[in-house]
Amino acid sequence: MEGWLTRIATNTCLNMIRGSKRRPELTVSDLTEDESSWLDQQLNEKVGSVENEIVAADLADRLLGTLSPEDQQALLMIDGENASIKEVAEATGWSESKVKVRAFRARKKIRESMEKLLGYKGTRAEQVSK
Amino acid sequence: MNYKHITEIVDSASLLSLSPEEVEQVNKHAEECESCRKAVAAARISALAMRARAQEEFRVQPSPFFQTRVLAAWREQQSVESGPAFLRLWKSASALVSSMALATIALGVLTFVYPEPATAVEQVASTDAAEAVIFDQPDEQLTYEQVLSTIYADEDEAK
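Helix and strand counts for chain A stand at seven helices and zero strands. In sequence order, chain A lays out its α and β elements as α-α-α-α-α-α-α. Taking the contacts inside chain A whose residues are at least 6 apart along the sequence as the reference set, 65% of them involve residues at least 24 apart.

Spelled out as structure tokens, the structure:
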């Protein structure tokens, strides 16, 4: 019964994510002023306030929006909810290796997007002009 | 340790959940390799953003109609505590009703207990009352002699 309910909840969440608009890529010009200043704060390793946490959560949402629904689901459950690979596999019906691959791919894509936003890949001026 | 190796560690799990040994290994390599240092910095910030997002979901957020429901419940409770509708109406309008009642009583007293004295106009009207009564009477109720005697009575007395 528990597994059945979990599966239904997971599929419902997946459908909701699929329904939301997916952006192919997040660039510096897409960032709000708050998000940009939050990134600068993190680079300088300053402690953020509650408002900054909200900005960070919004930025995470936008980064997640560049992923496929399945990758979002895997990353949210593992990195967000601290679920284990096994738990995610049981909830989604995927194999454990598939969960690992999806989470790995999602983290890699988000890290690369973040590197672009931080100006590590290409200059910020180039990104803004895009 | 090459670049690919360290990014595999970074991407294999959230940077915030790596073991101390893995963190040490990553930091040690990052000190020597600039591209890995950037990758670690980006992964750290991404992990912080993800954690903030997860915490944001757990933060208590009232539903859009929460305030409306609370106010409705509060008003309902207030109406129950304040008793029947008549008492509530009396509480709000007692001052007005009392002042209106006092004004009505005062007007009644002034009207019936202390009537106004007759005015000068009324006194003048009383001297001409006899003629007025006659002239106001329908013709068939008075005889011609009665009319003449009334009009010329004063002249006869003067003579």
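Once you've had a look at it, read on.
Residues and elements named next belong to chain A. Running from N to C, helix α4 (residues 69–80) and helix α6 (residues 96–117) cross one another at 90°; their axes reach a closest spacing of 8 Å. Between α4 and α6, the angle falls in the class roughly perpendicular. Contact with α4, carried on its side by E70, D71, A74, L75 and I78, involves V99, R102, A103, R105, A106 and R107 of α6 and no other residues of that element. Looking at the contact of α4 with α6 residue by residue, the classes come out as six nonpolar, no polar and five charged.

At the junction of the two partners, chain B supplies 20 residues and chain A supplies 23 residues. Contributions of two or more residues to the side of chain B that touches chain A are made by α1 (3–12) and α3 (34–58) of chain B. Element by element, the count of residues in the side of chain B that touches chain A is highest for α3 of chain B, at 16 residues. Along the lines of polarity and charge, the residues of the side of chain B that touches chain A split into twelve nonpolar, four polar and four charged.

This brings us to the environment of I78 of chain A. Residues and elements named next belong to chain A. Assignment of secondary structure puts I78 in helix α4. Spatially, the C-alpha atom of I78 lies 7.5 Å from that of V88, the residues being ten residues apart in sequence. Those residues in contact with I78 that lie beyond four places of it in its chain are A83, V88 and A103.

The next point concerns helix α2 (residues 33–43) of chain A. Residues and elements named next belong to chain A. Within the span of α2, buried status applies to E35, W38, L39 and Q42. Projected onto a plane normal to the axis of α2, the buried residues spread over an arc of 100° and lie on a single side. Within α2, the exposed residues directed more than 90 degrees away from the buried face are E33 and D40.

A56, A60 and A74 of chain A together with A49 of chain B are the most contacted members of the largest nonpolar core, which has 40 residues in total. In terms of residue count, α3 of chain B provides more of this core than any other element does, twelve residues in total.

Next up on the list: the confidence of the model for chain A. Model confidence for chain A is summarised by a mean pLDDT of 80, while 82% of its residues fall at 70 or above. Element-level pLDDT for chain A is lowest in helix α7 (residues 124–129) of chain A, with a mean of 47, against a maximum mean of 91 in α6 of chain A.

Residue and element names in this part refer to chain A. Burial analysis of α4 places ten of its twelve residues in the buried class, which makes it a mostly covered element. When α4 is considered as a whole, its buried residues turn out to be D71, Q72, Q73, A74, L75, L76, M77, I78, D79 and G80. Backbone geometry just after α4 places N82 at a positive phi near 60°.

Conventions adopted
- Residues numbered from 1 in each chain as written.
- Chains lettered and ligands numbered in written order.
- Predicted model: local features only at pLDDT ≥ 70, side-chain atom pairs only at ≥ 80, totals over all residues.
- Helix = DSSP H or I, 4+ residues; strand = E, 2+ residues; numbered from the N terminus.
- Contact = placed C-beta atoms within 7 Å.
- Axes fitted to C-alpha atoms, helices over the stretch in contact; angles between N-to-C directions.
- Parallel < 35°, antiparallel > 145°, perpendicular 65-115°, else oblique.
- Nonpolar A, V, L, I, M, F, W, Y, C, P; charged D, E, K, R; others polar.
- Buried ≥ 20, exposed ≤ 12 C-beta atoms within 10 Å, placed from the backbone.
- Arc of directions from axis to C-beta.
- Core = buried A, V, L, I, M, F, W, Y, C linked by C-beta atoms within 7 Å.
- pLDDT = per-residue confidence, 0-100.

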